[in-house]
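# Coordinate analysis (summary)
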Amino acid sequence: MANADRIAGSDVFRPNLTGRHATGRFWQTAFLGATTVGILGLILLMLNIVNNAFGLVAYADGEDYLKYSPIPVEQLATSDLVVLLTNELSTGAINKLNAEQPLDTRSRSDLLALVFERILDREVVASSTLAEAVFNRQAFEADALAKNPDARFVFKSWVTTDFLTVPMSSQALFAGVRTAILGSLMLIGLTIAIALPIGTGAAIYLQEYADKSLINRIIETNIYNLAGVPSIVYGMLGLAVFVRVLEPLTSGAMFGATDTNGRTILSAALTMALLVLPVIIVNAQEALKAVPDSLRQAAYGVGATRWQTIWHHVLPQAIPGVLTGSILAVSRAIGETAPLIVIGASTFITADPSGPFSGFTALPIQIYNWTVQPQAEFRNLAGAAILVLLVLLLTLNASAIILRNRLSARRAN
Amino acid sequence: MTQALSSLPVTDPQDRHVDWAARLRRKPRPVETVVQGLLFLCGAISILTTLGILLVLGNESLAFFTDPEVNVFEFFTGTHWQPQTGDFGVWPLVNATLMTSAIAMVVAMPLGIFAAIYLSEYAAPRAKAILKPTLEILAGIPTVVFGFFALTFITPLLRSIFGEDTVQIYNNASAGLVMGLMIVPLIASMSEDALSAVPRTLREGAYGLGATKLETTVQVVLPAALSGLVAAFIIGVSRAVGETMIVAIAAGATSQLTFNPFEAAETITGHIARISGGDLSYGSLDYTSLFALALTLFVITLGLNLVSRWLVNRFREQYD
């Protein structure tokens, strides 16, 4: 005790201790700083998306409205808009529009958009980000007016209901993500339908049946390694196997589909299924591991066979965990872009995907395609599409989590 | 089931040594066998996937390397990649891949490990409960969104700092930095697992000797978790090397051998994405060359993953 007092009280020791604590505090700040930088990065990323999804747009009409109507077309009655479209567009174009949805049943905003796009040739002169629109409005307006003196300005949210419900267009003002959303949803649905049963099956085999034989160890190691394979390599596998070799199957030719090639939703879903399998298997294995052994023993004890035990007792307990795995898989698959590019998702497609054998586009593909366009208005579109993608991601995650909680609550009762 | 059980005599007065267990085992159960076979097939699909990857990449690469226009030696040593003129030297692409990955790791490694140290050693449980999931959101964001961030935020930022003449619109620095941000949560979560696995007794031993918290962390906990940290680093590199969308969007589409991070240089993955996005005729050199590149990529990432797994298993400290 006396010894300890002497050391703690010695003059050599005290200043040293202060220094050591100061170093400690410095580094603690650095550690906290690193965490903050990561979170700051996330915040900047989000702000940048919002910044691009809203902004001031300068637009101008290629044709003067006076040529077609004495008053601005916005003030025309809905029936007059139909008349105007019918008069000015070619018969072929009208038939095509009517085939999608008859003109006289369309909404006013839809008709107006058609008039602006097809008749008045409305185009974007310049487009700004939200920050520009707020802090640098004068300079932006001056630039736009220098480019086109007729330019008119409107503050635009690029995410609108029209954006969600209209298909792709080469005109940024009239482009939407309808086909991309439908493509993504069908792709994800099909992917999970393929991967979930196979993944769960593989997990059950590895967890409940497999002994420590060589082949089973190889399977385990292999799944771990597959999880680390870059997604673009899966894309190459899909291109060579599903798009090319299995073309009769994936193009639907075997089932009577015509004029399609192997670059279909089915090919993409099969590729994605292989990509997300390791995620599903590993998570399902964890879920099965967490089921207490007493449950299995009890089932065996009353004479159940192994499969009866698994099907009636182990699996129901493990379902919430298995679902968590599929949430992760969905989150991964919905944002995955590289394999879709390799497989050949179309970048420009206006028809809704009609089934597993149709060509398609997907949200991330659309985002990529818009991001690499040089014009500012396409960056705005990309920003808006990213917001849609993130909301979709969030919704899927949230609904799956709620579903999981419900299931485990029901189990607990 | 009940039926089967009740049909068995419960006792056997003649012979008390009937082996009931053996009788029950021998009973054929076709459903069980079929189900087990099906489940095995599910597991085997993962093996088929690996074999498929090897077969496809190997087969098309073989077609590429045996083409009279292609020289295997030139592929591994050449410094020009211009498929139009028949130049297939892989170095410009590999160099750009290594450069973006290096930049990414320079960002991700300190940030990731520092964040892991903070979360594992310093953060109060409530702070951790907020910070950790927030950081994990980053890991869930699709990479195409990171690419968008690189091109529309980081690139303009770099250009305004270093000057528009120095920094090209497409450049490796921007792609690398954002890739680093993308990898931070991966490194942080793997490192945190490694740090948390170090037993409390080691820390308490250090405190008992009078070490400060920092000294304990740096001199006791970090060395004990070293294999985990190295494994996290390697997995991070493997992710960076295989990352496609960020480099496809932000790193540019010109393959050139440059060591200037502010210039555009196409990576292996970026090249595959750009060429395969166009219309490719099967069997053409353009097509097969992509498989040779993908094989290169596959070998690199598989090697890194195997090394990382070996490290974790080999150098895992057993405390108990």
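## A look at the overall build of chain A
Tallying secondary structure elements over chain A gives 18 helices and three strands in all. The globule rule puts the C-alpha radius of gyration for 413 residues at 22 Å, and the 29 Å found for chain A is more than 25% above it. In terms of overall dimensions, chain A has C-alpha extents of about 100 × 75 × 45 Å along its principal axes. Here chain A holds 413 residues, and 47% of them are scored as buried. Across chain A, every contact between residues at least 6 apart in sequence was considered, and the portion connecting residues at least 24 apart equals 75%. Looking at chain A as shown, the accessible area adds up to about 19,200 Å², and 61% of this sits on carbon and sulfur atoms. One way to put it: in chain A the 28 positive side-chain charges average out to a point 14 Å from where the 29 negative ones average out.

## A look at the overall build of chain B
Scanning chain B for helices and strands turns up 14 helices and two strands. For the C-alpha atoms alone, the extent of chain B along its principal axes is close to 100 × 65 × 35 Å. For chain B, with 320 residues in total, the buried portion stands at 51%. Of the accessible surface of chain B, which amounts to about 15,300 Å², a share of 64% is contributed by carbon and sulfur atoms. If you average the places of the 18 positive and of the 24 negative side-chain charges in chain B, the two averages end up 18 Å apart.

## As for the side chain of B:E215
Looking at the secondary structure, you find B:E215 in helix α10 (residues 213-224). If near-sequence neighbours (up to four positions away) are discounted, B:E215 is found in contact with A:R20, B:G210 and B:V220.

## Some details on the packing of helix α14 (residues 293-301) of chain A against helix α15 (residues 306-335) of chain A
Residues and elements named next belong to chain A. For the pair α14 and α15, interaxial distance at closest approach is 10 Å and the crossing angle is 145°. Where α14 crosses over α15, the handedness of that crossing is right-handed. Contact residues: α14 offers L295, R296, A299 and Y300, while α15 offers R306, T309, H313, V314 and Q317. A breakdown of the residues in the contact of α14 with α15 according to their chemical character gives four nonpolar, three polar and two charged.

## Here we look at empty space enclosed by the protein
Residue and element names in this part refer to chain B. Summed over the entire model, instances satisfying the criterion amount to three cavities of 30 Å³ or more. Lining the largest cavity, in full, are L119, K132, L135, E136, P185, A188, S189 and E192. Put simply, the parts of the chain that give the lining of the largest cavity at least two residues each are α6 (125-140) and α8 (172-196). The biggest single contributor to the lining of the largest cavity is α8, with four residues.

## Concerning the packing of aromatic side chains
Taken as a whole and assessed by the stated rule, the structure comprises 21 aromatic pairs over all chains. Judged by centre distance (5.5 Å) and plane angle (85°), the rings of A:F26 and A:W27 are edge-to-face. With a centroid separation of 5.3 Å and an interplanar angle of 85°, the aromatic rings of B:W81 and B:F88 are classed as edge-to-face. Comparing B:W81 with B:F88 shows no difference in burial state: the two are buried. What links up through ring pairs into an aromatic cluster is the set A:F26, A:W27, A:F31, B:F114, B:Y118 and B:Y122. Note that A:K156 overlies the ring of A:W158, its terminal NZ or CZ placed 5.1 Å from the centroid.

## Quick notes on the interface of chain A and chain B
Taken together, the contact between chain A and chain B spans 76 residues of the former and 75 residues of the latter. Both sides of the chain A and chain B interface together cover about 6,800 Å² of buried area, and 76% of this is carbon and sulfur. Summed over the shared surface of chain A and chain B, the result is two salt bridges. Two residues, B:E60 and A:R244, come together in a salt bridge whose shortest N-O distance is 3.4 Å. Element by element, the count of residues in the side of chain A that touches chain B is highest for helix α2 (residues 13-53) of chain A, at 22 residues.

Criteria and cut-off values
Residues numbered from 1 in each chain as written. Chains lettered and ligands numbered in written order. Predicted model: local features only at pLDDT ≥ 70, side-chain atom pairs only at ≥ 80, totals over all residues. Heavy atoms only, no water. Helix = DSSP H or I, 4+ residues; strand = E, 2+ residues; numbered from the N terminus. Rg over C-alpha atoms; globule rule 2.2 N^0.38 Å. Buried < 20%, exposed > 50% of the residue type's maximum accessible area, 1.4 Å probe, protein only. Contact = heavy atoms within 4.5 Å. Areas by Shrake-Rupley, 256 points an atom, 1.4 Å probe, with all protein chains shown as cover. Lys, Arg positive; Asp, Glu negative; His and termini not counted. Charge placed at Lys NZ, Arg CZ, Asp CG, Glu CD. Axes fitted to C-alpha atoms, helices over the stretch in contact; angles between N-to-C directions. Left-handed = near helix turned anticlockwise from the far one by under 90°. Nonpolar A, V, L, I, M, F, W, Y, C, P; charged D, E, K, R; others polar. 1 Å grid on protein atoms, 1.4 Å probe; cavity = no way out; pocket = protein on both sides within 12 Å on 5 of 7 lines; lining within 4 Å. Points joined across faces, edges and corners; volume = space filled by probe spheres on them. Phe/Tyr/Trp six-rings, centres within 6.5 Å; stacked < 30°, edge-to-face > 60°. Lys NZ or Arg CZ within 6 Å of the ring centre and 35° of its normal. Buried area = accessible area lost by both parts, 1.4 Å probe. Salt bridge = Lys/Arg side-chain N within 4 Å of Asp/Glu carboxyl O.

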